[in-house]
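# Observations on the model geometry
Residue-level listing of the chains:
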Amino acid sequence: MARIRRALADVPRAETPGEVPVERTYHRVHGDRDSAETVDLLAEHLADYRAIVHRADTPDHTGTPEAPDAPGAPSLPALIARLLADRGATSVAVPPGLPASWLSDVPDAVRRVPDTAELTPHDLDAVSSVVTACAVAIAETGTVVLDATPDQGRRRITLVPDHHICVIRVPDQVVGSVPEALERLDPARPLTWISGPSATSDIELDRVEGVHGPRTLEVILVGPQTAGRS
């Protein structure tokens, strides 16, 4: 405390932190990347965090999941339907603002669970999967940020179900660095920062997934094929 007092000795007592400008001289962007390279970096870092990364074309195109970068890549609805089928999903949580076309290829047998205030944690625990959009994705850290806008739903629907499919529109929603992401986000909103599936380690460094959120995170990068290559 004595050292703090000495450091503040020349500061007027009435001065508040907001009155003192802070020089922010750190770099906003690191390196010189075009949009395709930024998307590729995001995909690489997401995979490093054990997220499963897919690429999809716009909904009016069709193709095969085995060749996502070739002409005729899978459409977004087709890919979402396949991922849910591969998971054996019997239900999916749906934010109120999620585009209806995204689930247009999902069979009616997969029950849609709307994000409503009546949903309890017990209800959500019984849901197989959740599909959301995102607010922004950060390439340098492999981080996806949700801000609870209508196409993402409330925070809890992405924390309780064990399988999360998150759609990122590229290149518009992808930035290079954290400072760039912060410029796009409203700090008054409930922000969820996601870097891979939920995981933690005990004192012996045994990794356990699914403790604080979904055990499986699948990210779909959807947009023009020139936006990035895996």
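Everything discussed here concerns the structure shown above.
This write-up is about the structure you can find in this document. Here the structure is a predicted model, which means the values were calculated and not measured.

Right, let's get into the pairing of strand S7 (residues 163-169). Walk down a regular strand and you will see the side chains alternate between the two sheet faces. With six of seven residues buried, S7 lies mostly within the body of the structure. Pairing analysis gives three bridges linking strand S4 (residues 129-132) to S7, with the strands arranged parallel. The residue bridging Thr132 from the neighbouring strand is Cys166, located in S7. Pairing between S7 and strand S12 (residues 216-222): seven bridges, direction parallel. Bridging across to S12, His163 finds its partner in Thr216.

This paragraph deals with the sheet that holds strand S1 (residues 52-56). Whether parallel or antiparallel, the strands of a sheet pair through hydrogen bonds between backbone atoms. In space, the six strands of this open sheet follow the order S1-S12-S7-S4-S2-S3, with parallel pairing throughout. Of all the strands in the sheet, the pair left with one neighbour each is S1 and strand S3 (111-114). Averaged over neighbouring strand pairs, the angle between their axes works out to 25° when direction is ignored. Packed onto the sheet, helix H3 (residues 76-87) meets S1, S4, S7 and S12 and runs at close to 165° relative to S12.

Attention now moves to the state of the cysteines. Overall, the coordinates contain zero disulfides when judged by the stated rule. Cys166 takes part in no disulfide bond, and the closest cysteine sulfur, belonging to Cys134, lies 4.9 Å away.

Right, let's talk about H3 for a bit. The α-helix winds at 3.6 residues per turn, so residues separated by three or four positions along the chain end up facing the same way. Over its 12 residues, H3 extends 17 Å from the first C-alpha to the last, a length consistent with the 16 Å expected when each residue adds 1.5 Å. Turning to H3, its buried residues number three or more, namely Leu76, Pro77, Leu79, Ile80, Ala81, Leu83 and Leu84. In this structure, the buried side of H3 is in contact with S1, S4, S7 and S12. At the exit of H3 stands Gly88, carrying a positive phi of roughly 75°.

Okay, the sheet that holds strand S9 (residues 192-194) next. Spatially, S8-S5-S6-S9 is the arrangement adopted by the four strands of the open sheet, whose pairing is mixed. Single-partner strands in this sheet number two, and they are strand S8 (174-175) and S9.

For the rest of this paragraph, the subject is the pattern of salt bridges. Oppositely charged side chains are able to pair whenever their charged atoms sit close together. Summed over all chains, the structure comprises eight salt bridges. When the shortest N-O distance is used, the salt bridge between Glu140 and Arg33 registers 3.1 Å. Of the two residues, Glu140 is situated in the loop between strand S5 (136-138) and strand S6 (143-146) and Arg33 in the loop between helix H1 (2-7) and helix H2 (35-48); the sequence distance between them amounts to 107 residues. Among the residues examined, Arg33 registers a relative accessible area of 28% and is labelled partly exposed. Connected via shared salt-bridge partners are Arg87, Asp162 and Arg215.

Here we come to a nonpolar patch on the surface. On the surface, a cluster of nonpolar side chains totalling about 400 Å² of accessible area is made up of Met1, Ile4, Leu8 and Val11. As for its position among the elements, Ile4 is in helix H1. Of the residues examined, Ile4 reaches a relative accessible area of 47% and is grouped as partly exposed.

Before going further, it helps to examine the nonpolar core. Counting 21 residues, the largest nonpolar core has Leu76, Ile80 and Ile220 as the members making the most contacts within it. Only H3, strand S2 (91-94), S7 and S12 provide two or more residues apiece to this core. Counting residues per element, this core draws most heavily on H3, which supplies six residues. Residues Val39, Val144, Leu146 and Leu221 belong to the second largest nonpolar core, which totals 19 residues.

What counts as what
- Residues numbered from 1 in each chain as written.
- Predicted model: local features only at pLDDT ≥ 70, side-chain atom pairs only at ≥ 80, totals over all residues.
- Heavy atoms only, no water.
- Buried < 20%, exposed > 50% of the residue type's maximum accessible area, 1.4 Å probe, protein only.
- Helix = DSSP H or I, 4+ residues; strand = E, 2+ residues; numbered from the N terminus.
- Pairing = 2+ DSSP bridges.
- Axes fitted to C-alpha atoms, helices over the stretch in contact; angles between N-to-C directions.
- Contact = heavy atoms within 4.5 Å.
- Disulfide = S-S within 2.5 Å.
- Expected span 1.5 Å × (residues − 1).
- Salt bridge = Lys/Arg side-chain N within 4 Å of Asp/Glu carboxyl O.
- Patch = residues over 30% accessible without salt bridge, like charges linked within 9 Å, V, L, I, M, F, W, Y side chains within 5 Å.
- Areas by Shrake-Rupley, 256 points an atom, 1.4 Å probe, with all protein chains shown as cover.
- Core = buried A, V, L, I, M, F, W, Y, C linked by side-chain atoms within 4.5 Å.

Interpretation note: all reported values are geometric properties and have no functional meaning in isolation.
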